[in-house]
Amino acid sequence: LALTKGNTRKFNEYITLFQRWYNENYNGEFIEHEMGHTYLGANIVAQAEQHFRNQLERTPEERIAYYDLGWLLIDKDIDIDQGLNLIDKALEMEEGIYIPPFRLEGREVLNLDALLYFSKGVGLYKKQQYREALEYLNLAWQEKSIYNHDLFLYIQKAEEKVGMK
């Protein structure tokens, strides 16, 4: 909130308090994940990228670390090839210990496999590999826990590119 009003000093104070609180309550294990998403939410992409890189270095056994950095690199057109490589590594891995706290009325609303397939599909779409992109986007659609309108729109665009519409 302080950042949106142009008060970066106050924002940094809040970030420091959040980091301290998080480390005290969650042993700091996934602080880089949380910080990356905090900066991404504020559209400070360079800081988000740095935190996601730190997360990957700190927890290389976690698929979510590969996803976070990979998706950022793909979504923000920073380095689509590197993003796709990270997503591929995550798809080859077994589940890690981190289970994102995304549950609604006891139902899982975040499926990491669906997010990985979506990320790969978007990356391939951006590289103009539409047919392969559509395959991954359809896999994401099958795996999704809840409706994802962005996924729906990418499927439509990929279908148009391969002549299915």
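Not measured: the values here are computed from a predicted model.

A. Seen up close, the nonpolar core. Of all hydrophobic cores here, the largest spans 41 residues; its most connected members are Tyr67, Phe118, Val122 and Leu137. When residues of this core are assigned to their parent elements, the largest contribution, nine residues, is made by helix H4 (residues 63–75). When residues no more than four places from it in sequence are discounted, the contact partners of Val122 are Trp71, Ile74, Leu137 and Tyr154.

B. Spotlight on the pattern of salt bridges. All chains considered together, the criterion is met by five salt bridges. Close ionic contact of Asp113 with Arg63 constitutes a salt bridge, the shortest N to O distance being 2.6 Å. Pair noted here: Asp113 is in helix H6 (residues 112–126) and Arg63 is in helix H4, with a separation of 50 residues, a long-range link. Under the relative-accessibility criterion, Asp113 is labelled partly exposed at 24%.

C. Molecular detail of the packing of aromatic side chains. By the definition in use, this model includes eight aromatic pairs. Ring plane angle 65° and centroid distance 5.0 Å describe the contact between Tyr125 and Tyr130, whose orientation is recorded as edge-to-face. Between the aromatic rings of Tyr125 and Tyr154, the centroid separation amounts to 5.5 Å while the plane-to-plane angle is 80°, which identifies the pairing as edge-to-face. Linking Tyr125 in helix H6 with Tyr154 in helix H8 (residues 149–161), this pair joins segments that are 29 residues apart in sequence. Considered together, Tyr125 and Tyr154 belong to a single accessibility category, that of buried residues. By way of ring pairs, the aromatic residues Trp71, Phe118, Tyr125, Tyr130 and Tyr154 are connected into one cluster. The lysine or arginine in question, Lys144, covers the ring of Trp141, its NZ or CZ lying 4.1 Å from the ring centre. Residue placement shows Lys157 over the ring face of Tyr154; its charged tip is 4.3 Å from the ring centre.

D. Just the environment of Tyr130, in detail. With respect to the helices and strands, Tyr130 occurs in helix H7 (residues 130–143). The class of Tyr130 is buried, set by a relative accessible area of 18%. Each C-alpha atom of the pair Tyr130 and Glu160 lies 9.2 Å from the other, and the pair is 30 residues apart in sequence. Aside from chain neighbours lying at most four places away, what touches Tyr130 is Tyr125, Ala158, Lys161 and Val162.

E. Representation of unusual backbone geometry. Backbone geometry at Asn43 places phi at a positive 60°, although glycine is not the residue there. In this fold, Asn43 is placed in the loop between helix H2 (31–41) and helix H3 (45–58). Here the phi dihedral of Asp77 falls at roughly 55°; this positive angle occurs in a residue that is not glycine. As for its position among the elements, Asp77 is in the loop between H4 and helix H5 (80–92).

The rules behind the values
- Residues numbered from 1 in each chain as written.
- Predicted model: local features only at pLDDT ≥ 70, side-chain atom pairs only at ≥ 80, totals over all residues.
- Heavy atoms only, no water.
- Core = buried A, V, L, I, M, F, W, Y, C linked by side-chain atoms within 4.5 Å.
- Buried < 20%, exposed > 50% of the residue type's maximum accessible area, 1.4 Å probe, protein only.
- Helix = DSSP H or I, 4+ residues; strand = E, 2+ residues; numbered from the N terminus.
- Contact = heavy atoms within 4.5 Å.
- Salt bridge = Lys/Arg side-chain N within 4 Å of Asp/Glu carboxyl O.
- Phe/Tyr/Trp six-rings, centres within 6.5 Å; stacked < 30°, edge-to-face > 60°.
- Lys NZ or Arg CZ within 6 Å of the ring centre and 35° of its normal.

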